[in-house]
Amino acid sequence: MAADALRNNSAVIIPSQPPFEMELDYLDLRQLLIVLEGGAANIKMSSEQPSDSSSADGIPAAESEEVLDLRSSVIRTQDWNLDIDSDEHSVHEHGLADYTAATVNTHKKFQKLVRSAVKHESFKKGEADTVRRIIEHIELVSLKRSSEGFNKVNFSIGVLNCFFICWMLGAYPEHIWLLYLIEAYYMIPRKFYNMWKAKPLNQALYYLDFCWFTNFAAMATLTTILLSGILGRNSIQIEIREVVFKAALGVFCGVLVCANLALPFVACLFHDVNSMCGLFIHLMPPVVMYTFVWCSDRIVEAWPSLFNLSYLEDGTMTYYGGTSSIASYSTTFYFTWWVMYVCFMLGGGGVDLPKKFKPDGTPATPKYDTVFHSTMRDGACIVIGKLFRRRSRAESLTLMETNMFDKIDFCLYMLIHMIAALSSIYVSGFLCFKSKIFFRLMLGASIVIAVVRGANRYTYYTTKMYSRVLRKEFADQLAHHDGEAKEGYSRLT
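Everything numeric here is computed off the predicted structure, so don't read it as measured data.

### Description of the overall build of the protein
Working step 1: A count of helical and extended segments in the protein gives 20 helices and zero strands.
Working step 2: Of all 493 residues assigned to the protein, the portion counted as buried reaches 47%.
Working step 3: In the protein, the proportion of contacts linking residues at least 24 apart, taken out of those at least 6 apart, comes to 72%.
Working step 4: Working note: accessible area of the protein is about 24,500 Å², and carbon and sulfur atoms make up 63% of it.

### Some details on the nonpolar core
Most often, soluble globular proteins have nonpolar side chains that are buried together.
Working step 1: Phe 245, Leu 249, Met 289, Phe 292, Phe 307 and Phe 410 are the most contacted members of the largest nonpolar core, which totals 91 residues.
Working step 2: If you tally residues by element for this core, the top one is helix H11 (residues 273-294), at 13 residues.
Working step 3: Once residues lying within four places of it in the same chain are set aside, the contact partners of Met 289 are Phe 245, Ala 248, Leu 249, Phe 252, Cys 253 and Phe 439.
Working step 4: Core analysis: the next-biggest nonpolar cluster, separate from the first, contains six residues, Val 141, Tyr 458, Tyr 460 and Tyr 461 among them.

### Details of the packing of aromatic side chains
Working step 1: In total, this model carries 34 aromatic pairs according to the counting rule given.
Working step 2: Between the aromatic rings of Tyr 319 and Phe 433, the centroid separation amounts to 6.0 Å while the plane-to-plane angle is 35°, which identifies the pairing as tilted. Taken together, the residues span a long stretch of sequence, with Tyr 319 in the loop between helix H13 (310-313) and helix H14 (326-347) and Phe 433 in helix H17 (residues 407-434) at a distance of 114 residues.
Working step 3: Its relative accessible area of 11% is what places Phe 433 among the buried residues.
Working step 4: Grouped by ring-pair contacts, the aromatic residues Phe 210, Phe 213, Phe 333, Tyr 334, Phe 335, Trp 337, Trp 338, Tyr 341, Phe 372, Phe 405, Phe 410 and Tyr 413 constitute a single cluster.

### Some words on H11
Working step 1: Spanning 22 residues, H11 covers 30 Å between terminal C-alpha atoms, matching the ideal 32 Å at 1.5 Å per step.
Working step 2: If you look at H11, its biggest bend is around 35°, right at Phe 280.
Working step 3: Sitting at the head of H11, Asp 272 places a side-chain oxygen 3.1 Å from the backbone nitrogen of Asn 274.

### Here's the deal with the packing of H17 against helix H18 (residues 436-463)
Working step 1: In the contact formed by H17 and H18, the axes pass within 5 Å of each other and the chain directions differ by 125°. By the criterion of interaxial angle, the relationship of H17 to H18 is oblique. Between H17, through Ser 428, Leu 431, Cys 432 and Lys 434, and H18, the contact on the second element is made entirely by Lys 436, Phe 438, Phe 439 and Met 442.
Working step 2: Partitioning the contact of H17 with H18 into residue classes produces five nonpolar, one polar and two charged.

### Describing helix H8 (residues 176-196)
Working step 1: A rise of 1.5 Å per residue sets the reference length of H8, with its 21 residues, at 30 Å; its end C-alpha atoms lie 29 Å apart and thus fit the reference within 8%.
Working step 2: Where H8 bends most, the angle comes to about 30°, and this point is Ala 184.
Working step 3: Against the buried residues of H8 lie helix H7 (152-171), helix H9 (210-230) and H11.

### Focus: the confidence of the model for the protein
Working step 1: Predicted confidence across the protein gives a mean pLDDT of 78, with 68% of residues reaching 70 or more.
Working step 2: Per-residue pLDDT stays below 50 along residues 79-96; that stretch engages in 46 contacts with residues further than four places along the chain or on separate chains.

### Considerations on the state of the cysteines
Working step 1: This model, assessed by the stated rule, comprises zero disulfides.
Working step 2: Free of any disulfide, Cys 162 has its nearest neighbouring cysteine sulfur in Cys 268, separated by 4.4 Å.
Working step 3: Judged by its relative accessible area of 22%, Cys 162 is partly exposed.

### Overview of the side chain of Lys 191
Working step 1: In this fold, Lys 191 is placed in helix H8.
Working step 2: In this structure Lys 191 is buried but unpaired, with Asp 272 as the nearest side chain of opposite charge at 7.2 Å.
Working step 3: Residues in contact with Lys 191, not counting those within four places in the same chain, are Tyr 207, Trp 212, Asn 274 and Cys 277.

The rules behind the values
Residues numbered from 1 in each chain as written. Predicted model: local features only at pLDDT ≥ 70, side-chain atom pairs only at ≥ 80, totals over all residues. Heavy atoms only, no water. Helix = DSSP H or I, 4+ residues; strand = E, 2+ residues; numbered from the N terminus. Buried < 20%, exposed > 50% of the residue type's maximum accessible area, 1.4 Å probe, protein only. Contact = heavy atoms within 4.5 Å. Areas by Shrake-Rupley, 256 points an atom, 1.4 Å probe, with all protein chains shown as cover. Core = buried A, V, L, I, M, F, W, Y, C linked by side-chain atoms within 4.5 Å. Phe/Tyr/Trp six-rings, centres within 6.5 Å; stacked < 30°, edge-to-face > 60°. Expected span 1.5 Å × (residues − 1). Bend = angle between axes of the 7 residues up to and from the residue. Polar contact = N/O pair within 3.5 Å; in protein donor to acceptor, adjacent residues only side chain to side chain. Axes fitted to C-alpha atoms, helices over the stretch in contact; angles between N-to-C directions. Parallel < 35°, antiparallel > 145°, perpendicular 65-115°, else oblique. Nonpolar A, V, L, I, M, F, W, Y, C, P; charged D, E, K, R; others polar. pLDDT = per-residue confidence, 0-100. Disulfide = S-S within 2.5 Å. Lys, Arg positive; Asp, Glu negative; His and termini not counted. Salt bridge = Lys/Arg side-chain N within 4 Å of Asp/Glu carboxyl O.

Next comes the structure, spelled out in structure tokens:
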């Protein structure tokens, strides 16, 4: 049978997308599936190795680094997370020559595997149905991408919009704030609709995160200013405008600028409104603030009835020192959100929303996801577990698979979030306020990194996505054929 030909080959076709492009030689797929289910069976790397063997560091073979890498990969490619393409790490670790040779070797084995399956004398209707189902599955992936907006119209609009924003920033910086407001009222509700419809977990609660909270505050402020100008009522006192401006300056130039550099999902994917909206809410507010700080005279000249920036032009504004400084107001704004979010997560039950099991151990039916759980699944759980909780990597992966993070994990996460945010306010925010060159460098670096991340994703779409779908589907059919460990396989994929 073709399934036997697949099993007898020396390389396993690994489901999902392993983070280090590894090959597990002489690994029996059925044993791998049992391991993924959480069973106690050990992986035999050769027929000579006893089943109760352990690795050099005392970790059972069933929990070897290869298996942990695979489990981590499967978790990171869940439907509610961005799938991560980490070939750069493999090249860095093993060298370009070794990586290229391993890739060529893998391709040769895969071609040989397919030929042997096709030429096998037992290739009958069952195998033909399997190949047909694989082709249909690949076509479904194409349809899924198209339904998500991967088409020439959306791609063209995304590219043109980026060019338009760059042109506006160079030619008419005094109007950038209005462009931000117009596009925000389109992109943010559009993304919210997609997040509400997201599967397997509803992502609407992502909007409670700090970056979204900041954009909502900016939209409300600019909308109020615009409406007051249209109605001829200057309803916002100059003292309130100054407080709001100071709070926004430290947050935009500090937290959001640094978030562009640090967050891997902030990428330039022209066709994808979700990704472009994520880039928009992190990059556009700093761009708007750049125009207010360094082009204030043009803004006041173009919009005299809306903006009074005398507090910025008279040179009395200070970044540090006293309760009326920029750093003080920005810190107050951050802790306003921080306290509300902690109260919701701890007092409102937000920590327990995505958990797959109830406190008594019975299965739960989670509906909502949060940014905290998404970030923990994306690898933060392993780091926190290793540095602060003395958890093994296998234990952390189990928590990532089930979302069973406790309140201590959340408190540590929020502590790290607070330290990072305040550090960015007091360092990056200050330098952007004092130096026009530094501000430009930070914006330029943010754009370059976002473009590189987008290029990595498009490279994955065009060169690797379908081959990995094919590998996953072959492994899936083998699990169907053997009738073993199917439950564990489907649970993780």
